[in-house]
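Given next are the chains, with one letter for each unit.
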Amino acid sequence: MTRTYEEFPGVEWVEGAGQFIRVIEERCSGCANCVKVCLADCYEISGKKARIRDLDRCMECASCWYVCPEDAIAFSWPPGGTGFRTDWG
Amino acid sequence: MKEYDVVVIGAGFGGPVAAKKCAEAGFRTLMLERSARVGEKVISGLTIPFYGFLFGPAFIRDGNPPIERPVDGIINYIIKDIEAGDIEIDDSLRIPRPLSPILAFGYNAYCRPFCQWEAEKAVESGVELRTSTTVVELLKEDGRVVGVKTDKGEEIRARLVIDGEGSQGLLAVGAGIREKYPPEVISLADVYDYEMAKEDVDEVFGYTLRFCWGWDEQRIAPPLGHGNGLMVWPYRESVHFCQDQCLAMDDGKVPNLRKLFEEYHRNLTSGLPWWREEIAPRARLRARVFENFEIFVGLNERLRAMPNHADGIILIGDAAGLESTELCDGVPAAWFSADIAADVAIEALRAGDVSASFLSRYDQRVRAHPIIQWSITAPHRYNLRFAQEHHSLEELRRYVHDGWGLGGFAFMSSALVKMILQAIREDPMIITSWLRMFPRYYYNWLYERYDYSGGRGEPARDHSREPRVAQAVLRAGFKLMDSALALGAPLVKAAAGLLEPVARFANPAMKVLLPGIEALMRGWKKVEPALAPLSDRMIDFVGRADPAVFAAPRKGGG
Ligand SMILES: Cc1cc2nc3c(=O)[nH]c(=O)nc-3n(C[C@H](O)[C@H](O)[C@H](O)COP(=O)(O)OP(=O)(O)OC[C@H]3O[C@@H](n4cnc5c(N)ncnc54)[C@H](O)[C@@H]3O)c2cc1C
Ligand code: SF4
Ligand code: SF4
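Residues numbered from 1 in each chain as written. Chains lettered and ligands numbered in written order. Predicted model: local features only at pLDDT ≥ 70, side-chain atom pairs only at ≥ 80, totals over all residues. Heavy atoms only, no water.

**Q** Please set out the pairing of strand 13 (residues 208–213) of chain B residue by residue, giving values where relevant.
**A** All names here are of chain B. Of all six residues making up strand 13, six are buried, and the element is well covered by its neighbours. Covered by surrounding structure in strand 13 are T208, R210 and C212 together with L209, F211 and W213, the residues of both alternating faces. As paired strands, strand 5 (residues 73–81) and strand 13 are joined by six bridges and run parallel to one another. By the bridge assignment for strand 13, I74 is matched with L209. (Buried < 20%, exposed > 50% of the residue type's maximum accessible area, 1.4 Å probe, protein only. Helix = DSSP H or I, 4+ residues; strand = E, 2+ residues; numbered from the N terminus. Pairing = 2+ DSSP bridges.)

The structure is reproduced here in structure tokens:
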């Protein structure tokens, strides 16, 4: 199964990616850097902690992982063949 | 457990180059790629500079890679006032006809078909390719990398691992080979892909890239030096619109990228007259993608000095932080480093020694590579941010000229000349390969279409009006040159060797010569219209030639 989204035309998401990005809550300081850089709007802050809303439109850019000052984001790639795909990069 | 001589991680731009060479040397080589179709997770697809092809892998230079459009120049727009549409143009990097667009300084391409083409060549050479497979961990024994573990739980042993996983380097970081890069050296690119009729792209862009540079307060592009201005790349029947911005500023602050990119894109598309009037009415948004890359790693000495090898493993391309500060030319760096990695891997496997101390010759050779070194350490583009600081139009113009205009040659000529001489010294016959490459690529651009459902389009060639005599002359010319070079090889090699020390004077010489060259080019533009018919005939001639005339002189490529 694949999904598409209006704000990101030309991209398909293949299901089965799972929670390949996680916030390690004890480490998160709530600085919101991850929220600021994520163009796919995957994060939100609730209770002064970052929370992943959903990874449905995640383009696997890893910006959130780079900007987290507390190393509170556990980042890995989704399983092979899942996640975003495009012909237009 | 399966065992290979070499396991290559990633089938992006670099991986297939290294894998192909190892397989050709007779080593059992496996290439693992996490995407279902090679290249569909690589986002760059912009310009690959000509020197990537000249000094890069022979199979790419001598083959027919999927190219979308040749590039003959950059038009730099300096935006003074976006409301009034007051735009300055500096098109100093254009190559005058009749050499253009046959003599291109770069080629635009989409990643997916390009990486797929490279991977196909690797497979033809005996590489085993497995897609839809994510490597989740490097296997280690006594601190030495001995293989990989995949997302399917499979453990695959390798005598040597070549890691071409791309810029994030999750595996290399995870295995403690190198650190995660700080956000200020990483840039996030927001890319819009628009469909546009070929005639419209031809009319609006021809063969030029368009870059826009402006001030912070105009809110049209990322602050200079923390990203680029706006860059627009033409393809065969589409254009890319790219804005990029570093993840952190000098003061460490992380900007709100979502808000900024939206604002820049809105302001540019509505406020920039040539976008609004020439492009918007003819373009249809087809895709929006984003990705980051390690743009300023090379300028940081500590990051630059991190090892790109360890016991049993070599890192190539973006995984080795070789993306460029100067022209985003990460693709050439990936090709060069993959080639070097394969050479070192072959030596190591033959010697039965894959220790870090043996593999350190990889890092030494990467550091000695003139173009990689120039491209990751040249600060001229980064310096653009000083123009922002001082708000000086004069500085802005100078930096744009030096970083993205003809002035760049005053900083890159030494590296180029050195590479030319080194390549000739190794094999003088390379000269005819170079000379055939440019018209062949141009010819392919005219006739090859790439359907994006996986295949390569059927070329539609018109040989009905071939100028046979001219072709015979051209063919004989190439043959004569081949023979002369073959005969005079020792002499040519010796001459190239003698000239090598002189290469380092190419930059200062260029500084002196540039004003003259620029005056000449300005003058040439006045002469050009008169010579246009002759130009057109020459270009037309190449277009109607028998492609065999430009075929690679020796076997290889495809
Ligand atoms: C927006 C943008 C614009 C750019 N513009 C230009 C330009 O104009 N000119 C230029 O020369 N360069 C440009 N670059 C840089 C260029 O794209 C890179 O330098 C180049 O792709 C690096 O090649 P690579 O083989 O090292 O890595 P990549 O091409 O990124 O390939 C890495 C591959 O590894 C795969 N992979 C990653 N992790 C795993 C894993 N764990 N298991 C299996 N597979 C894995 C990925 O799916 C991918 O296919 C640009 C980059 C970006 C992002
Ligand atoms: S990887 Fe990129 S798109 Fe995905 S959550 Fe992180 S910042 Fe957002
Ligand atoms: S960047 Fe890191 S520390 Fe800051 S909110 Fe996000 S997860 Fe928490």
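**Q** Lay out the interface of chain B and chain A in plain terms, naming residues and giving numbers.
**A** How big an interface is tends to be reported as the loss of accessible area on association of its parts. The interface of chain B with chain A comprises 43 residues on the first partner and 37 residues on the second. Together chain B and chain A conceal approximately 3,700 Å² of surface at their shared face, both sides included; 61% is due to carbon and sulfur atoms. The interface formed by chain B and chain A includes seven salt bridges. Close ionic contact of B:R112 with A:D87 constitutes a salt bridge, the shortest N to O distance being 2.9 Å. Among the secondary structure elements, those contributing two or more residues to the side of chain B that touches chain A are helix 4 (111–124), strand 12 (186–195), helix 7 (257–271) and strand 16 (284–294) of chain B. Considering each element in turn, the side of chain B that touches chain A owes the most residues, eight residues, to strand 16 of chain B. (Contact = heavy atoms within 4.5 Å. Buried area = accessible area lost by both parts, 1.4 Å probe. Salt bridge = Lys/Arg side-chain N within 4 Å of Asp/Glu carboxyl O.)

**Q** Account for the side chain of B:E291, with residues named and values stated.
**A** With respect to the secondary-structure elements, B:E291 resides in strand 16. Buried and unpaired, B:E291 has no salt bridge, with B:R34 as the nearest side chain of opposite charge at 6.3 Å. Setting aside residues no more than four positions away along its own chain, B:E291 makes contact with A:E60, A:C61, B:I43, B:Q168, B:S187, B:L188 and B:A189. (Lys, Arg positive; Asp, Glu negative; His and termini not counted.)

**Q** Outline helix 17 (residues 468–499) of chain B, listing residues and values.
**A** Residue and element names in this part refer to chain B. Across its 32 residues, helix 17 extends only 39 Å between first and last C-alpha, which sits more than 12% below the 46 Å expected from 1.5 Å per residue. Along its length, helix 17 reaches its greatest deviation from straightness, about 75°, at G488, and the proline P490 lies no more than four positions downstream. Taken together, the buried positions of helix 17 are occupied by Q471, F478, D482, L485, A489 and A496. Buried residues along helix 17 sit against helix 15 (409–426), helix 16 (430–447) and helix 18 (506–544). (Expected span 1.5 Å × (residues − 1). Bend = angle between axes of the 7 residues up to and from the residue.)

**Q** I'd love a proper account of the nonpolar core, names of residues and values included.
**A** In this structure, A:I21, A:Y43, B:F55 and B:L138 are the most contacted members of the largest nonpolar core, which totals 183 residues. Non-local contacts of A:Y43, meaning those with residues more than four positions away in its chain, are made with A:I21, A:V23, A:C34, A:V35, A:C38, A:A50, A:R51, A:I52, A:R53, A:C64 and A:I73. B:Y77, B:Y194, B:V204 and B:W274 belong to the second largest nonpolar core, which has 22 residues in total. (Core = buried A, V, L, I, M, F, W, Y, C linked by side-chain atoms within 4.5 Å.)

**Q** Got a sec to walk through the packing of helix 15 of chain B against helix 16 of chain B? Specific residues and values, please.
**A** Residue and element names in this part refer to chain B. Interhelical geometry of helix 15 versus helix 16 gives an angle of 120° and a closest axis separation of 9 Å. Between helix 15 and helix 16, the angle falls in the class oblique. For the pair helix 15 and helix 16, the contacting residues are I420, A423 and I424 in the first and I430, I431 and W434 in the second. For the contact of helix 15 with helix 16, the per-class residue count stands at six nonpolar, no polar and no charged. (Axes fitted to C-alpha atoms, helices over the stretch in contact; angles between N-to-C directions. Parallel < 35°, antiparallel > 145°, perpendicular 65-115°, else oblique. Nonpolar A, V, L, I, M, F, W, Y, C, P; charged D, E, K, R; others polar.)

**Q** Please give an account of the site of ligand 1 that cites residues and values.
**A** Taken together, 35 residues lie near ligand 1, and B:G14, B:E33, B:T47, B:D318 and B:C328 sit nearest. Surrounding ligand 1 is a set of residues that belongs to chains A and B. A distance of 2.7 Å separates an oxygen atom of ligand 1 from a polar atom in the side chain of B:D318. A distance of 3.2 Å separates a nitrogen atom of ligand 1 from a polar atom in the backbone of B:G330. Here ligand 1 has 990 Å² of accessible area as a free molecule, and 96% of this is covered by the chains. (Near = heavy atom within 4 Å. Polar contact = N/O pair within 3.5 Å; in protein donor to acceptor, adjacent residues only side chain to side chain. Areas by Shrake-Rupley, 256 points an atom, 1.4 Å probe, with all protein chains shown as cover.)

**Q** Hey, could you go over the pattern of salt bridges for me, with residue numbers and the actual values?
**A** Applying the stated criterion across every chain yields a total of 47 salt bridges over all chains. The salt bridge partner of B:D343 is B:K21, with a shortest N-O separation of 3.0 Å. One end of the pair, B:D343, is in helix 10 (residues 330–351); the other, B:K21, is in helix 1 (residues 15–24), with 322 residues separating them in the sequence. A relative accessible area of 29% places B:D343 in the partly exposed class. With relative accessibility at 25%, the residue B:K21 sits in the partly exposed group. Across the pair B:R282 and B:D200 runs a salt bridge, and its minimum N-O distance is 2.8 Å. Taken together, the residues B:R282 in the loop between helix 8 (273–279) and strand 16 and B:D200 in helix 6 (residues 198–204) connect sequence positions 82 residues apart. Look at B:R282 and you get partly exposed, because its relative accessible area is 26%. Judged by its relative accessible area of 18%, B:D200 is buried. What you see here is one network of salt bridges that share partners, running through A:E12, A:R85, A:D87, B:R37, B:E40 and B:R112.

All we've got here are geometric facts, nothing functional implied.
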